[in-house]
Amino acid sequence: MLGRLRDALADNRPPRAEVDRSYRRERDAGTDLVGRFAERVADYRARVLRADSSDLVETAAALLREAGVRRLVVPPGERLAWLAATGVELVYDDPPLTVTQLDAAEGVATECAVAVAETGTIVLDGGPDQGRRALSLLPDYHLCVVRAEQLVGTVPEAVARLDPYRPQTWISGPSATSDIELDRVEGVHGPRRLHVLLLA
């Protein structure tokens, strides 16, 4: 049936539209990616702290204390096992936690696939340091670890790095929406609180 429809429409298809590709695809030379990203993330009402290998655990512990999180869901594997040194109890998503368990969790920690400095956007693609999509969508608190080498300047640069066949979650600040009277409500479509630990 679909074949017959395609054949019947073959002579009446609109011409293929040309797509304007003149938009900027790369960051401006000399852009401070770390500074720009931190600034943009803060614009979204997310908390962002910078750290390096010497103060990583201490900085993460400060963020978790600020959030009041004592138990933290993490993806399976050892990539985020260092968070145990902050004093929180790690709950591994292995076997996968139920939706009810995730919804009741105090928080979740993940890394990311790529982060966009220009927009302050974090992209998760289900990699081993990120886990399944539900992890970053159901708990009320999300701690995301972003490494300097994961930063790109623009969205086109991020898209070029990503595998289009992997499930992607694009995060620009805590989940928020507004009604017709522009009353902002946070936590409707994802975590109400987002903390970013920027390793640079």
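Residues numbered from 1 in each chain as written. Predicted model: local features only at pLDDT ≥ 70, side-chain atom pairs only at ≥ 80, totals over all residues. Heavy atoms only, no water.

**Q** Help me out: how do you make sense of the overall build of the protein chain in this one?
**A** Counting its secondary structure elements, the protein chain contains six helices and twelve strands. Counting all 200 residues of the protein chain, 40% fall into the buried class. Roughly 11600 Å² of accessible area belongs to the protein chain as shown, and the carbon and sulfur atoms make up 50% of that amount. (Helix = DSSP H or I, 4+ residues; strand = E, 2+ residues; numbered from the N terminus. Buried < 20%, exposed > 50% of the residue type's maximum accessible area, 1.4 Å probe, protein only. Areas by Shrake-Rupley, 256 points an atom, 1.4 Å probe, with all protein chains shown as cover.)

**Q** Got a minute to help me understand unusual backbone geometry in this structure?
**A** Across the chain, the bulk of peptide bonds are trans and the bulk of non-glycine residues have phi less than zero. A cis amide bond links D94 to the next residue, P95, at an omega of 0 degrees. Position of P95 relative to the elements: it lies in the loop between strand 3 (89-92) and helix 4 (99-104). A positive phi angle is found at R45, which is not glycine, with a value near 70 degrees. With relative accessibility at 57%, the residue R45 sits in the exposed group.

**Q** What is the right way to read empty space enclosed by the protein from this model?
**A** Take a probe with the size of a water molecule and roll it over the atoms, and the empty space left behind shows itself. Within this structure, the stated rule accounts for one cavity of 30 Å³ or more. What the largest cavity holds in volume is close to 40 Å³. Lining of the largest cavity is provided by L124, D125, G126, Q130, G131, R132, R133, S136, P167 and T169. Of the residues belonging to the lining of the largest cavity, the class tally is two nonpolar, five polar and three charged. (1 Å grid on protein atoms, 1.4 Å probe; cavity = no way out; pocket = protein on both sides within 12 Å on 5 of 7 lines; lining within 4 Å. Points joined across faces, edges and corners; volume = space filled by probe spheres on them. Nonpolar A, V, L, I, M, F, W, Y, C, P; charged D, E, K, R; others polar.)

**Q** Before we go on, may I ask you to explain the side chain of Q130 in this structure?
**A** Within the element layout of this structure, Q130 appears in the loop between strand 6 (121-124) and helix 5 (133-137). For Q130, a relative accessible area of 3% gives the class buried. From its side chain, Q130 meets the backbone nitrogen of G126 in a polar contact 3.4 Å long. Within the local environment of Q130, its side chain forms a polar contact with the side chain of D129, the two groups lying 2.8 Å apart. Leaving out residues up to four positions away in the same chain, Q130 has contacts with P75, T110, E111, C112, A113, V123, L124, D125 and L135. (Polar contact = N/O pair within 3.5 Å; in protein donor to acceptor, adjacent residues only side chain to side chain. Contact = heavy atoms within 4.5 Å.)

**Q** Looking at this model, I keep getting lost on a nonpolar patch on the surface. Mind explaining?
**A** A contiguous nonpolar patch, built from M1, L2 and L5 and spanning about 360 Å² of accessible area, is present on the exposed surface. With respect to the helices and strands, L5 occurs in helix 1 (residues 2-9). (Patch = residues over 30% accessible without salt bridge, like charges linked within 9 Å, V, L, I, M, F, W, Y side chains within 5 Å. Salt bridge = Lys/Arg side-chain N within 4 Å of Asp/Glu carboxyl O.)

**Q** Even after reading the chapter, I still don't get the environment of A61, so can you show me in this structure?
**A** Tracing the chain through its elements places A61 in helix 3 (residues 56-67). The spacing of A61 and V88 is 27 residues in sequence and 8.2 Å in space, taken between C-alpha atoms.

**Q** Would you mind going over the pairing of strand 6 with me for this structure?
**A** In regular strands, side chains alternate between the two faces of the sheet. Side chains of strand 6 alternate between two faces, with T121 and V123 and I122 and L124 buried alike. In the sheet, strand 5 (residues 114-116) pairs with strand 6 via three bridges, with the strands oriented antiparallel. Each bridged residue has a counterpart across the sheet, and for A115 the counterpart in strand 6 is I122. The antiparallel pairing of strand 5 with strand 6 creates a hairpin that spans four residues between the two strands, and G120 there sits at a positive phi of about 65 degrees. Across three bridges, the pairing between strand 6 and strand 9 (residues 169-171) is antiparallel. From the neighbouring strand, V123 faces strand 9, where its bridge partner is W170. (Pairing = 2+ DSSP bridges.)

**Q** Looking at this structure, I do not really get the pattern of salt bridges. What am I missing?
**A** Where charged atoms from two side chains of opposite charge approach closely, those side chains can pair. Counting across every chain of the model gives 13 salt bridges. R79 serves as the salt-bridge partner of D129, at 3.4 Å between the closest nitrogen and oxygen. Of this pair, D129 sits in the loop between strand 6 and helix 5 while R79 is found in the loop between strand 2 (71-74) and strand 3, placing the two residues 50 residues apart along the sequence. The salt bridge partner of E111 is R147, with a shortest N-O separation of 2.9 Å. Of this pair, E111 sits in the loop between strand 4 (108-110) and strand 5 while R147 sits in strand 7 (residues 141-147), and the two are 36 residues apart along the sequence.

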